[in-house]
Amino acid sequence: MRALFALAAWLLAAGAASAADLTVQVKTTAGAPVADAVVTVYPQAGAAPLSANHFDWPMRVSQQNIQFHPFVLIAPVGATVAFPNLDKVRHHVYSFSATHPFELKLYGSDQERSVRFDKAGVIALGCNIHDQMVAFVKVVDTPYAAKTDASGMVTLHDLPAGAATLKLWRPYLHAPGNEVSRTVSVGHGTEAFAIDVRQPPAMHNMY
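Scoring rules and cut-offs
- Residues numbered from 1 in each chain as written.
- Predicted model: local features only at pLDDT ≥ 70, side-chain atom pairs only at ≥ 80, totals over all residues.
- Heavy atoms only, no water.
- Salt bridge = Lys/Arg side-chain N within 4 Å of Asp/Glu carboxyl O.
- Helix = DSSP H or I, 4+ residues; strand = E, 2+ residues; numbered from the N terminus.
- Buried < 20%, exposed > 50% of the residue type's maximum accessible area, 1.4 Å probe, protein only.
- Phe/Tyr/Trp six-rings, centres within 6.5 Å; stacked < 30°, edge-to-face > 60°.
- Lys NZ or Arg CZ within 6 Å of the ring centre and 35° of its normal.

Let's shift gears to the pattern of salt bridges. Throughout the structure, instances matching the rule amount to three salt bridges. The salt bridge partner of aspartate 36 is lysine 147, with a shortest N-O separation of 3.5 Å. With aspartate 36 in the loop between strand E1 (19-28) and strand E2 (38-43) and lysine 147 in strand E12 (residues 145-147), this residue pair connects regions lying 111 residues apart in the sequence. With relative accessibility at 18%, the residue aspartate 36 sits in the buried group. Residue lysine 147 is classed as partly exposed on the basis of its relative accessible area, which comes to 29%. Between aspartate 118 and arginine 116 there is a salt bridge; the shortest N-O distance is 2.7 Å.

Here it is as structure tokens:
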């Protein structure tokens, strides 16, 4: 009952606050667009409850043509992510990341495994058979999250207008934890980032 009252109070507050979009542009310091940069926003006015099926993209990282797809997946806390093998060879998916280490031992074509992620953070993925296979699952604890497209742009919709903390994370971003943040005012234009992206580290240092 207490949770219902809290949800009702949040809905009333959210209804009173105006909503706005936030566009983020990410380029390298040399001016090239940066894809797969994850933007998360934490409004000071509060946020909607986050459910395990909050986002409208598939919660899956497939293996096809000896690569993971997508390179970066955003998943909410509590999501179960599928790992289908669409190749004709077997894969052995694993992560040593502190957020959620796991191992999916060898499985073959058209088979699928899944993993539930209950903690926010970054999970770097690898294949124990094919060293070139690398991908990341960014598990988030806010409903306001999206990643940049090939043009380095992303727009998040229907955020509470006003002050918020914007965090930008990307693999190999030259910053502590591969992440930078700033305070923004949602509803007042586009936020532009110029970031320094490092070369991928040696494979044995990635996980």
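Here the structure, examined in full by the defined rule, presents seven aromatic pairs. When the ring of phenylalanine 136 is compared with that of tyrosine 172, the centres are 6.0 Å apart and the planes differ by 85 degrees; the resulting orientation is edge-to-face. Here the residue phenylalanine 136 occupies a position in strand E11 (residues 134-140), and tyrosine 172 occupies one in the loop between strand E14 (162-169) and strand E15 (179-186), the gap between them amounting to 36 residues. We classify phenylalanine 136 as buried; its relative accessible area is 7%. Looking at tyrosine 172, the relative accessible area reads 11%, which means it is buried. Through a chain of ring-to-ring contacts, the aromatic side chains of Phe71, Phe136, Trp169 and Tyr172 assemble into a single cluster. It is lysine 167 that lies over the ring of tyrosine 42; its NZ or CZ is 5.2 Å from the centre.

Purely geometric stuff here, so don't read any function into it on its own.
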